[in-house]
Structures are given as structure tokens and as C-alpha cells.
Amino acid sequence: MSISRPELLQAFDSLLQPERFKDYGPNGLQVEGKAQIRRIVSGVTASRALIEAAIAAQADAIFVHHGLFWRGQDGRVTGWMKQRLQLLLAHDINLFAYHLPLDAHPELGNNAQLGRVLGLAADARFGENDLGFIGSAAFAHGEALADHVAQVLGRRVTWVPPDGAAAQRPVRRVAWCTGGAQGYFEAAIAAGADVFITGEISEPQAHLARETGVGFIAAGHHATERYGAPAVAAQVAAQWGLSHQFIEVDNPA
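Residues numbered from 1 in each chain as written. Predicted model: local features only at pLDDT ≥ 70, side-chain atom pairs only at ≥ 80, totals over all residues. Heavy atoms only, no water.

Trainee: I'd love a proper account of the overall build of the protein chain, names of residues and values included.
Mentor: Helix and strand counts for the protein chain stand at ten helices and 13 strands. For the protein chain, the spread of C-alpha atoms along the principal axes amounts to about 60 × 40 × 30 Å. Split into buried and exposed, the 253 residues of the protein chain put 50% on the buried side. Long-range contacts, defined as pairs at least 24 residues apart, comprise 69% of the intrachain contacts of the protein chain with a sequence gap of at least 6. Total accessible area on the protein chain is roughly 11,300 Å²; 50% of this is exposed by carbon and sulfur atoms. Distance from the positive charge centre (20 side chains) to the negative charge centre (25 side chains) of the protein chain: 5 Å. (Helix = DSSP H or I, 4+ residues; strand = E, 2+ residues; numbered from the N terminus. Buried < 20%, exposed > 50% of the residue type's maximum accessible area, 1.4 Å probe, protein only. Contact = heavy atoms within 4.5 Å. Areas by Shrake-Rupley, 256 points an atom, 1.4 Å probe, with all protein chains shown as cover. Lys, Arg positive; Asp, Glu negative; His and termini not counted. Charge placed at Lys NZ, Arg CZ, Asp CG, Glu CD.)

This is the structure:
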């Protein structure tokens, strides 16, 4: 089975609705490749390592969360950008990238899929574009939740507990937003979270966690965003009878 490039773009757009978002870069088809697609490779970031792996897998299209083009970047095609584009163009591979739309999808997106993996179900949303998810939980305290996240994701996490007795308070509401969403922490606090999970932490969030009584878990940008792209690509591939393979490129960040 195969699908045309416009048909595949329409399938992704219909599912993810990129027109709803004011994003940091273009969503959809970023690099045009062959007209007919039979094999899709999904990954987190359109790195050279992923592109090379997709070439080895004989992919016709790559589907990622982090594409090549971002608002405000240097527009020159030199260095690493030239190398990545050169590989895509030489092998006639389509590159599809969806950023905020992939975070937000209620069943297949990064946040929904991270919740699934961690055993958390959202019953409300918060923050800009409703990207933040929040739901009920039952952990003895925040450190127990941090240990659970570390075990499930297979990596160390940064756990910033509240000051004093609040550190031992039972966790009944958990909020999360994948990737570099440390700026959503105050919205998570306002939404009633006992603990907030995201990928990264900046200097102000540690103080906020200690002072507000809401714990903060930074579990890794890549680690929290590795589930949405394969979920979306697998569903679209299954609908159209295409081959799909998720390729993991390890990233400590």
C-alpha cells in the first residue's frame, strides 16, 4: 500500500489540526520528498542521526516533533542544517513535523501519551493552548511520585520538594506538560496541582516549588516527548496500510 504526499499531509493535518496553534515554527510538510509514501519512520527530532537511520530503513517519510525550522533562527543553509537537508534531498525523503499540535492531541499527543505511560489520566487542562494536563493520583508523597517517574522513564529525574512538612504531604493531583514547559509551573499551581512534571527546570522554578508547597519534577525534554510521534505515525500508518517504525535516538537532555 502507498499514499500520496498530499494525502499523507491531509491525514496528519486532520488529526492534529495545526491551524489551531500559533507555533514557533511551521507545522506539516517541512521538506518535500517523493510523491508516493509506503514507509514512515517516526522520531522525536529531525537530527542527522535520525535521518541516517531513516535512510537505512528505506523510509519515504519521517514524522517528528522537532523539525528543522524555528522562528528567529539563522536562515542560512550551512553546517549542520546543510548536512541534514542534503541527506533528505539526496534520498528524496519527506519530512513532516508537528510541534504544539503534537503536544496537545487529547489521545495521541505527547502529554496524553506521557500520562498513559505514567498511569495518569487527565480530567482537566490548563495553560496557554490548554497544553497542560492535570488529573488525580494517589502517591504517599512527592518523592514517591518522582521515584515512579524515574523508574518508568528509565532515567534519573530532578526532584525539587516543597519546604517543610509539605514535602511529606500525599499527592492527590498531578499536573504535567512535556518538554520545555517549566513556564507552565505557575499555571499548574493555580490549577491545584500537588506536583508538576515537565522535561526541564530553570532557576526560578526551584524557588517556587519550595515556597508554594508544590513539588517540581524535571524528567528530561526528550524523555517526556518520545511517545507522541510514534503514536500518531502508527495510527495514520495503520489507517492507510503503510509500514511504520519508531527509531529512538538517545538524548540525555
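Trainee: Could you give an account of the sheet that holds strand β4 (residues 39-45), naming the residues involved and the relevant values?
Mentor: Spatially, the five strands line up as an open sheet ordered β2-β6-β5-β4-β13, and their pairing is mixed. Pairing within the sheet leaves two strands with one partner each, and these edge strands are β2 (28-31) and β13 (243-246). Going from strand to strand, the sheet's axes swing by 30 degrees on average, the running direction of each strand aside. By the bridge criterion, three bridges tie β2 to strand β6 (residues 94-97) in an arrangement that is antiparallel. Residue pairing in the sheet places Val-31 in a bridge with Leu-95 of β6. Strand contacts of helix α10 (residues 228-240): β4, β5 (61-66) and β13, with the helix running at about 165 degrees to β4, the strand carrying the most contacts. (Pairing = 2+ DSSP bridges. Axes fitted to C-alpha atoms, helices over the stretch in contact; angles between N-to-C directions.)

Trainee: Before we move on, can you summarise the sheet that holds strand β12 (residues 215-218) with the specific residues and values?
Mentor: Taking strand neighbours across the sheet as the criterion, the six strands line up as β7-β8-β10-β11-β12-β9 in an open arrangement whose pairing is mixed. The open sheet has two edge strands, β7 (124-126) and β9 (158-160), and neither has a second partner. The mean inter-strand angle of the sheet, taken between neighbouring strand axes irrespective of direction, is 25 degrees.

Trainee: I'd love a proper account of the packing of helix α2 (residues 48-56) against helix α3 (residues 79-90), names of residues and values included.
Mentor: It is at 10 Å that the axes of α2 and α3 come closest, and there the two elements cross at 15 degrees. With respect to α3, the element α2 is oriented roughly parallel. For the crossing formed where α2 meets α3, the hand is left-handed. Contacts from Arg-48, Ile-51, Glu-52 and Ile-55 of α2 reach α3 at Gln-83, Arg-84, Leu-87 and Leu-88. Grouping the amino acids of the contact of α2 with α3 by side-chain chemistry returns four nonpolar, one polar and three charged. (Parallel < 35°, antiparallel > 145°, perpendicular 65-115°, else oblique. Left-handed = near helix turned anticlockwise from the far one by under 90°. Nonpolar A, V, L, I, M, F, W, Y, C, P; charged D, E, K, R; others polar.)

Everything listed here is a matter of geometry and, on its own, says nothing about what the molecule does.
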